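# Descriptive structure summary
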Amino acid sequence: MIRSVVRGFGAQLPERIMKNRDLEGVVETSDDWIVQRTGIRQRHIAGDGETTASLGEGAARAALDRAGMTAADIDLIICATSTPDNTFPATAVNIQNRLGMHHGAAFDVQAVCSGFVFAMTTADTYIRAGMAKRVLVIGAETFSRILDWTDRTTCVLFGDGAGAVVLEAEEGEGTIADRGILTAHLRSDGAHREKLYVDGGPSTTGTVGHLRMEGREVFKHAVGMITDVIEAAYAATGLGSADIDWFVPHQANKRIIDASARKLGIDDDKVVITVDRHGNTSAASIPLALAEAAGDGRIKQGDLVLLEAMGGGFTWGSVLLRW
Ligand code: ACO
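Keep in mind that what you see is a predicted model, and the values were worked out from it rather than measured.

A tally of helices and strands in the protein chain yields 10 helices and 13 strands. In terms of C-alpha radius of gyration, the protein chain reaches 18 Å, essentially the compact-globule figure of 20 Å for 323 residues. Viewed in the frame of its principal axes, the protein chain has a C-alpha envelope of about 55 × 45 × 40 Å. Put simply, the protein chain has 323 residues, and 52% of those count as buried. Long-range contacts, defined as pairs at least 24 residues apart, comprise 77% of the intrachain contacts of the protein chain with a sequence gap of at least 6.

Structure follows, in structure tokens:
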């Protein structure tokens, strides 16, 4: 049975760091309010010349290096983003060109903060169907460019960055002890689309628009949706929270992460947290967290790693993999 195994991982964050105190001069807010409500202390903000594709390229190169591969070894690039460099072509195609890759295929996946989970699931489906052998999966965002910097209820929450992994097909027994993606579960419900959306777009206003969010509504649904897709992963594999070595959730808000881990019975010391330093980087948050925890040796080969995300749409999903 074919499994999709992580061979490499990488990250790129913009150089510029904006601390909560820096935001106190932009909107009426305070370091205390932001830390208490969200756990965020700082975020990275893209500067001149830094774009979603340039950050994605940096993360992709790091992931390829770590895998001991070059772009010549890759046959598919999937980039999860809601902040593309252009409406079209896809940011994945832009990154493909920046990597000097002119074969295979590249496309974007748009599922907002769940984008990386959707992209990993898509890559895994291509690999298990025998349609691709090595896939570069990227989550890259520049949310700072779609924020309304006069709206304190949203502008304090987000940051920019990119992360990437290389997935490779590996033949195995098909047991839960094998490396690779064991199971993935995706959901969406467009009835909630106006709770978290961008108020512009090419076919409506002809503008890029700004992010709008009913934060309390998002919060209300988050924990239930997250636990729903994680319980689906447990049901599909017979595994449970006691088996999880590392929980790598989408990093939107420390309170949502804590409440989800508590509800699922996952110990705090198994939870990877980056939201304090990165803010919410949407589709980039999970691969950034993976790169950090695998890079510093916390996540080791053979560990059972649980990914989950919930975001605009609403969309939500989980991926359970053995590293
Ligand atoms: N600084 C100071 N005060 C603020 C700020 C701020 N930055 N923002 C809001 N407030 C005020 C509000 O105006 C309100 O004041 P009022 O009581 O006088 O009206 C008060 O703080 C409380 O506001 P709430 O919105 O009720 O605060 P809440 O505890 O719900 O926290 C937050 C807000 C942090 C946005 C929370 O609701 C949340 O995290 N929601 C989930 C958001 C999320 O995770 N979104 C990402 C989803 S992923 C994706 O797809 C992009």
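From this point, the discussion proceeds with the structure in view.
The next thing to look at is the nonpolar core. Counting 93 residues, the largest nonpolar core has Ala-63, Val-137, Ile-138 and Val-248 as its most contacted members. Here this core spans two domains, and each of domain 1 (2-171) and domain 2 (180-322) adds at least three residues to it. If you look at the next biggest cluster of nonpolar residues, it comprises 10 residues, including Ile-34, Ile-146, Leu-157 and Phe-158.

A separate point is the packing of helix α3 (residues 52-67) against helix α4 (residues 91-98). Packed helices, taken two at a time, are described by the angle their axes make and the gap between the axes. Relative to each other, α3 and α4 sit at 55 degrees, their axes nearing to 9 Å. Judged on the interaxial angle alone, α4 and α3 are oblique. As α3 packs across α4, the resulting crossing turns out to be right-handed. Two secondary-structure elements touch here, α3 through Thr-52, Ala-53, Gly-56, Glu-57 and Ala-60 and α4 through Thr-91, Asn-94, Ile-95 and Arg-98. The residue makeup of the contact of α3 with α4, split by class, is 3 nonpolar, 4 polar and 2 charged.

Right, let's get into the sheet that holds strand β8 (residues 180-188). Taken together, 4 strands build an open sheet; the order of strands is β8-β13-β12-β11 and the sheet is mixed. Each edge of the sheet is formed by a strand with only one pairing partner; in this case those strands are β8 and β11 (246-249). Here the strands of the sheet are splayed against their neighbours by 10 degrees on average, with no regard to which way each runs. Sheet topology note: the β8/strand β13 (residues 315-322) ladder contains 8 bridges and is antiparallel. Note that in β13 the partner of Ala-184 across the bridge is Val-319. Lying on the sheet, helix α5 (residues 115-128) is in contact with β8, β12 (304-311) and β13; it crosses β13 at an angle near 55 degrees.

Quick look at the UniProt feature "active site" (unreviewed entry) in the protein chain now. Look at the UniProt record and you will see "active site" (unreviewed entry) annotated at Cys-113, His-250 and Asn-280. The annotated residues occupy 168 residues of the chain but converge on a single region, no pair of C-alpha atoms lying more than 8.5 Å apart. If you trace the backbone, Cys-113 turns up in the loop between β5 (105-109) and α5. Sequence-distant contacts of Cys-113, defined by excluding residues within four places in its chain, comprise His-250, Ala-252, Ser-282, Ala-283, Ala-309, Met-310, Gly-311 and Gly-312. Examined against the element boundaries, His-250 turns out to sit in the loop between β11 and α8 (254-264). The class of His-250 is buried, set by 33 C-beta atoms lying within 10 Å.

Turning our eyes to something else, we now look at the confidence of the model for the protein chain. Mean pLDDT over the protein chain works out to 98, with 100% of the residues at or above the 70 mark. Interface scoring of the predicted complex returns ipTM 0.92; its pTM is 0.97.

With that out of the way, let us pick up the environment of Asp-108. Checked against the element boundaries, Asp-108 lands in strand β5. Residue classification places Asp-108 among the buried positions, given that 25 C-beta atoms sit within 10 Å. Remark: the alpha-carbon pair of Asp-108 and Ile-299, spanning 191 residues in sequence, is separated by 27 Å. Apart from residues no more than four positions distant in its own chain, Asp-108 is found in contact with Cys-79, Thr-81, Pro-84, Ala-90, Thr-91 and Ala-92.

Attention now moves to α3. The end-to-end C-alpha distance of α3, which contains 16 residues, comes to 22 Å, matching closely the 22 Å that a straight helix rising 1.5 Å per residue would cover. By the criterion of burial, α3 is predominantly enclosed, with 12 of the 16 residues buried. Within α3, the full set of buried residues consists of Thr-52, Ala-53, Leu-55, Gly-56, Glu-57, Gly-58, Ala-59, Ala-60, Ala-62, Ala-63, Leu-64 and Ala-67. Each element contacted by the buried residues of α3 is listed here: β1 (2-12), β4 (76-80), α4, β6 (134-142), β7 (160-171) and α10 (285-295).

Turning next to the site of the ligand. Within the structure, the ligand sits among 22 residues, and Thr-29, Cys-113, Gly-215, Ala-252 and Gly-311 are positioned closest to it. Here the shell around the ligand takes 4 residues from helix α7 (residues 215-237), the largest share from any one element. Looking at the shell around the ligand residue by residue, the class counts come to 10 nonpolar, 9 polar and 3 charged. Here the shell around the ligand spans two domains, and each of domain 1 (2-171) and domain 2 (180-322) adds at least three residues to it.

About the criteria used
- Residues numbered from 1 in each chain as written.
- Predicted model: local features only at pLDDT ≥ 70, side-chain atom pairs only at ≥ 80, totals over all residues.
- Helix = DSSP H or I, 4+ residues; strand = E, 2+ residues; numbered from the N terminus.
- Rg over C-alpha atoms; globule rule 2.2 N^0.38 Å.
- Buried ≥ 20, exposed ≤ 12 C-beta atoms within 10 Å, placed from the backbone.
- Contact = placed C-beta atoms within 7 Å.
- Core = buried A, V, L, I, M, F, W, Y, C linked by C-beta atoms within 7 Å.
- Domains from an automatic or database assignment.
- Axes fitted to C-alpha atoms, helices over the stretch in contact; angles between N-to-C directions.
- Parallel < 35°, antiparallel > 145°, perpendicular 65-115°, else oblique.
- Left-handed = near helix turned anticlockwise from the far one by under 90°.
- Nonpolar A, V, L, I, M, F, W, Y, C, P; charged D, E, K, R; others polar.
- Pairing = 2+ DSSP bridges.
- UniProt positions renumbered as here; feature names shortened; annotations may be inferred.
- pLDDT = per-residue confidence, 0-100.
- Expected span 1.5 Å × (residues − 1).
- Near = placed C-beta within 6 Å.

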